[in-house]
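# Analysis of the macromolecular model
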Amino acid sequence: MSIILLCFPNAPGVSQEAIQREVELNAYIEEKVTESFRQEEEEEQGSASLFRVMHDLAQQNLPNLPPGAGLCSKRDLIVTMYKKLKAETEAVNSRDSEESR
């Protein structure tokens, strides 16, 4: 299967406004993922799950989500943030357990 792309010089480009909205949305989602993760860690005493974080985000009205795809389009960002927070938490917990010995 082949694909041919035709590029015209006067074709519309990427809107700077759209790029700015995307950056703001990503920052907002990162903040909400961190908030949800910390809350789950406190409530469940160290066992925040990706499912709960995703569920919490789905319950919120997030601004500027892409039409049609919604929160699903930000899955990779959410998973990446979750893994980062989980790794940080595990590093802190292992360091604390080593210091208590």
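The structure displayed is predicted, hence computed values, not measured ones. (Residues numbered from 1 in each chain as written. Predicted model: local features only at pLDDT ≥ 70, side-chain atom pairs only at ≥ 80, totals over all residues. Heavy atoms only, no water.)

### Focus on the packing of helix H1 (residues 16–44) against helix H2 (residues 50–59)
With their axes 9 Å apart at the nearest point, H1 and H2 run at an angle of 125° to one another. In terms of orientation, H1 lies oblique with respect to H2. Remark: the crossing between H1 and H2 carries right-handed chirality. Of the residues in H2, those in contact with Lys32, Val33, Ser36, Phe37 and Glu40 of H1 are Arg52, Val53, Asp56 and Leu57. Of the residues belonging to the contact of H1 with H2, the class tally is four nonpolar, one polar and four charged. (Axes fitted to C-alpha atoms, helices over the stretch in contact; angles between N-to-C directions. Helix = DSSP H or I, 4+ residues; strand = E, 2+ residues; numbered from the N terminus. Parallel < 35°, antiparallel > 145°, perpendicular 65-115°, else oblique. Left-handed = near helix turned anticlockwise from the far one by under 90°. Contact = heavy atoms within 4.5 Å. Nonpolar A, V, L, I, M, F, W, Y, C, P; charged D, E, K, R; others polar.)

### Regarding the environment of isoleucine 4
Its location among the elements puts isoleucine 4 in the segment before H1. C-alpha of isoleucine 4 to C-alpha of proline 67: the two residues are 63 residues apart in sequence and 27 Å apart in space.

### Some details on the pattern of salt bridges
Inspection of every chain in the model, using the stated rule, returns seven salt bridges. We note a salt bridge from arginine 21 to glutamate 17, for which the minimum N-O separation is 3.0 Å. Taken together, the positions of arginine 21 and glutamate 17, both in helix H1 and four residues apart, correspond to about one turn of that helix. The class of arginine 21 is partly exposed, set by a relative accessible area of 36%. A relative accessible area of 54% places glutamate 17 in the exposed class. The closest approach of N and O atoms between glutamate 40 and arginine 52, which form a salt bridge, is 3.8 Å. Residue glutamate 40 is found in helix H1, and its partner arginine 52 is found in helix H2; the two are separated by 12 residues along the sequence. You can call glutamate 40 buried: its relative accessible area is 4%. (Salt bridge = Lys/Arg side-chain N within 4 Å of Asp/Glu carboxyl O. Buried < 20%, exposed > 50% of the residue type's maximum accessible area, 1.4 Å probe, protein only.)

### What to know about the nonpolar core
Counting residues in each nonpolar core, the largest one holds 14 residues, and the members touching the most others are Ile29, Val33, Leu57 and Ile78. Sorting the residues of this core by element identifies H1, H2 and helix H3 (75–99) as the ones contributing at least two each. If one sorts the elements of this core by residue count, H3 sits on top with five residues. Once residues within four sequence positions are removed from consideration, isoleucine 78 is found in contact with Ile29, Val33, Leu50, Met54, Leu57 and Leu71. (Core = buried A, V, L, I, M, F, W, Y, C linked by side-chain atoms within 4.5 Å.)

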